[in-house]
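# A closer look at the structure
Each chain, letter by letter, is given below.
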Amino acid sequence: MAVSANRLELLQIADAVAREKLIDRQIVLASMEEAYAKAARSRYGMETNVRAEIDPKTGELRLWRHLLVVEAVENPSIEISLDDARRSNPAAQLGDVIADKLPPFDLGRIAAQSAKQVIVQKVRDAERDRQYEEYKDRIGEIVNGVVKRVEYGNVIIDLGRGEGVVRRDEMIPREMFRPGDRARAYVYDVRREQRGPQIFLSRTHPQFMSKLFKQEVPEIYDGVIEVKSVARDPGSRAKIAVISRDSSIDPVGACVGMRGSRVQAVVQELQGERIDIIPWSADAATFIVNALQPAEVVKVVLDEDSARIEVVVPDDQLSLAIGRRGQNVRLASQDRKSTRLNSSH
């Protein structure tokens, strides 16, 4: 690696790296300039204030040493006397900084390796910044990718322009992924971390199901139908409450689809999770009656002071209302702070 390397070759390398890493060409050129400056400092002294410039059009490399104009030189690596400065610039004054051009030189093996490390690190940092900026605005979206590897139950997904992780507790129970499998997940967080931006994905998040319905139901995508609330017991059962802004459109029927085609597409993605689609109501009593389906409700008593709802169901409906392991009432009550079931006699 030499400073006098083919000028066009420098630009070709910068262009290739910028394309491959999807980052700005100027960032790559800046990293090359810093790498050459570092190599020059190892030759002229680490204290030396060296600047490198690569012409973005011609690829010509220029090296400069910046020297402070002083009355008495104590450190020739960073200082120059007024008399010497005025030989190259008659207008030089004390306190000025003079740019002294340095001749090109061949980099040694160690300096070349050091320069390469600087370029690699700078490009990696720029790549991480680009990835963070791109995905921080995609929180709340569903992304598609290919499973890259599985580590301790966590699934790493290649998203094309980044990597996301579905942690074990964000996976649907009994769900298995293998490298090469295609996967969909919900972006719930993107954070800057020491090892680069971390894109956190989930398949158990309630909004994952909500966004899946948005993809399958055009009326939700268009805003005619709104998903008001979602409650999930991932991999087992879920409830989704919907409302229509158009009185001529049945929100439940639209989400179910012809012969259940729309809801089945979501059920299949969620590994067979059973989904109850219920009409949302601003009236708490009406909504809780809908939410406890398929059980029939005889009476609803609201205690707003303690934020509790007492529901009365027939004896033969009690187990249905409660659901297996309390699942039905638990999902129904996730929209309300507290629900208590009683059977009627």
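About the criteria used
Counting starts from 1 at the beginning of each chain's written sequence and moves along it residue by residue. Note on the predicted model: pLDDT of at least 70 is required for a residue's local features to be given, and 80 or more for side-chain atom pairs to be given and counted; whole-chain, interface and lining totals, by contrast, use all residues. Water and hydrogen atoms were dropped before computing side-chain values, which therefore reflect all heavy atoms in the structure. A carboxyl oxygen of Asp or Glu within 4 Å of a side-chain nitrogen of Lys or Arg is what we treat as a salt bridge. We define a nonpolar core as any set of buried Ala, Val, Leu, Ile, Met, Phe, Trp, Tyr and Cys residues linked to one another through side-chain atoms lying within 4.5 Å. Each residue's exposure class comes from its accessible area (1.4 Å probe, protein chains only) as a fraction of the maximum for that residue type: buried when under 20%, exposed when over 50%, partly exposed otherwise. Each helix is a run of H or I in the DSSP string that is no shorter than four residues. Each strand is a run of E no shorter than two, and both are numbered from the N terminus. When checking whether two residues touch, look at their non-hydrogen atoms; a contact exists if any pair is within 4.5 Å. Strand pairing follows a simple DSSP-based rule, namely that at least 2 bridges must link the two strands. Stacked, tilted and edge-to-face are the three classes assigned to paired rings of Phe, Tyr and Trp, where Trp is represented by its six-membered ring and a pair needs centres within 6.5 Å; plane angles under 30 degrees give stacked, over 60 edge-to-face, the rest tilted. Throughout this description, the term charge over a ring refers to an Arg CZ or Lys NZ atom that lies within 6 Å of the ring centre and within 35 degrees of the ring normal. Only protein atoms enter the 1 Å grid used here, on which a cavity is any set of points holding a 1.4 Å probe that cannot leave and a pocket is any open set flanked by protein within 12 Å on both sides along at least five of seven lines; residues with an atom within 4 Å of a point are listed as lining. Grid points are joined across faces, edges and corners, and a volume is the space filled by probe spheres set on the points.

## Let's talk about the pattern of salt bridges
In total, this model carries 22 salt bridges according to the counting rule given. Each of Asp 129, Glu 133, Lys 136, Asp 137 and Arg 192 takes part in a single network of salt bridges with overlapping partners.

## Structural notes on the nonpolar core
Counting 23 residues, the largest nonpolar core has Met 209, Phe 213, Ile 240, Leu 270, Ile 275 and Ile 277 as the members making the most contacts within it. Here this core gets 4 residues from one element, more than from any other, and that element is helix H5 (residues 206-216). With residues near it in sequence (within four places) discarded, Ile 277 still touches Phe 213, Ile 240, Val 242, Val 252, Cys 255, Val 256 and Val 263. Among the nonpolar cores identified, the runner-up in size contains 21 residues, and Ala 18, Val 28, Tyr 36 and Leu 102 belong to it.

## Comments concerning the pairing of strand E10 (residues 225-233)
Judged by how many residues are buried, E10 sits mostly within the fold: 7 of 9 residues are covered. When E10 meets strand E11 (residues 237-244), the two strands line up antiparallel, connected through 8 bridges. Residue pairing for E11: Val 227 is matched across the bridge by Val 242. Connecting E10 to the next strand, E11, in antiparallel fashion are 3 residues, including Gly 235 with a positive phi near 85 degrees.

## Looking at the packing of aromatic side chains
Evaluation of the coordinates by the stated rule reveals 1 aromatic pair. For the ring pair Tyr 188 and Phe 200, a centre distance of 6.3 Å and an interplane angle of 40 degrees mean the geometry is tilted. Linking Tyr 188 in strand E8 (residues 182-191) with Phe 200 in strand E9 (residues 198-202), this pair joins segments that are 12 residues apart in sequence. Among the residues examined, Tyr 188 registers a relative accessible area of 21% and is labelled partly exposed. Exposure remark for Phe 200: the relative accessible area of 6% places this residue in the buried category. When the ring centre of Trp 280 is taken as reference, the NZ or CZ atom of Lys 228 above it lies at 4.5 Å.

## A short note on the layout of surface pockets
Taken as a whole, the largest pocket spans an internal volume of roughly 520 Å³. Along its surface, the largest pocket is lined by 25 residues, and Gln 131, Glu 163, Arg 195, Pro 197 and Gln 198 are the ones closest to its centre. Counting residues per element, the lining of the largest pocket draws most heavily on helix H4 (residues 109-136), which supplies 5 residues.

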